[in-house]
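Residues per chain, in single letters:
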Amino acid sequence: ITGVEALLRWYSPEHGDIPPNDFIPLAEESGLILEIGEWVLRSACIEAASWPEDITVAVNLSSVQFDRGGLLETVALALGRSGLPPQRLELEITESLVLTRSDNTIATLRQLRSLGVRIAMDDFGTGYSSLAQLKRMPVDELKIDKSFVLGMVDDADDAKLVRLVVDLAHNLGLTVVA
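Source: prediction; values computed, not measured.

(A) Structural view of the side chain of serine 12. Within the fold, serine 12 resides in strand E2 (residues 10-12). In terms of polar contacts, serine 12 uses its side chain to reach the backbone amide nitrogen of histidine 15, at 3.1 Å.

(B) Region of the structure containing the environment of phenylalanine 66. Mapped onto the elements, phenylalanine 66 comes out in helix H3 (residues 63-68). Residue class for phenylalanine 66 comes out buried when judged on its relative accessible area of 10%. Each C-alpha atom, one on phenylalanine 66 and one on aspartate 123, is 18 Å from the other, the two residues being 57 residues apart in sequence. Setting aside residues up to four positions removed in sequence, phenylalanine 66 forms contacts with Leu61, Leu71, Ile93, Leu97, Thr105, Thr108 and Leu109.

(C) Layout of the pattern of salt bridges. Taken as a whole, this structure holds 7 salt bridges when the rule is applied. Ionic pairing is found between glutamate 141 and arginine 118, a salt bridge with its closest N-O pair at 3.7 Å. With glutamate 141 in strand E7 (residues 141-144) and arginine 118 in strand E6 (residues 118-124), this pair connects stretches of sequence that are 23 residues apart. We classify arginine 118 as partly exposed; its relative accessible area is 26%. Residue aspartate 167 is joined to arginine 163 by a salt bridge in which the shortest nitrogen-to-oxygen separation is 3.1 Å.

(D) Summary view of the side chain of lysine 143. Of note, lysine 143 is situated in strand E7. Residue lysine 143 is classed as buried on the basis of its relative accessible area of 11%. Of the polar contacts made by the side chain of lysine 143, one reaches the side chain of glutamate 92; its length is 2.6 Å. Once residues within four sequence positions are removed from consideration, lysine 143 is found in contact with Glu5, Glu92, Ala120, Met121, Asp122, Asp123, Phe124 and Val177.

Calculation rules
Residues numbered from 1 in each chain as written. Predicted model: local features only at pLDDT ≥ 70, side-chain atom pairs only at ≥ 80, totals over all residues. Heavy atoms only, no water. Helix = DSSP H or I, 4+ residues; strand = E, 2+ residues; numbered from the N terminus. Polar contact = N/O pair within 3.5 Å; in protein donor to acceptor, adjacent residues only side chain to side chain. Buried < 20%, exposed > 50% of the residue type's maximum accessible area, 1.4 Å probe, protein only. Contact = heavy atoms within 4.5 Å. Salt bridge = Lys/Arg side-chain N within 4 Å of Asp/Glu carboxyl O.

See the structure below:
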């Protein structure tokens, strides 16, 4: 094990398990994602700080956290209070977030990387990213979308696409998760 990902789940006594794709959009729409995101980040950093030094923790970010501003300060505070070294924190963004955002998003990502935090692009391959956009993205890692990875056993085209993305990422000096 080299790293783990903090995943938010919601169990309701009345409704049972509520999948993230049902409650995250509501949390984003209502603005609650800001408090939830800070809590997840803080909790993940505190927990990871107690683990062996070679294990990282990944935390997903919402586009709302970029829109609000103050993300850099929130991350720095979570790291400072937990004592987690920045290189052990990986922040995940979706490919679509990067494609639909301004230069401010890219600037924020660069500032986060300057703290020593790693940036991963999640769900890669589903957001219609161009090579020009990928080249300018301040990311350290590509996480290939699971639809390609799951299909690569039975679908030769999916297998070729996964191999192509792995080769591309390695040639750009990026880590790949599939």
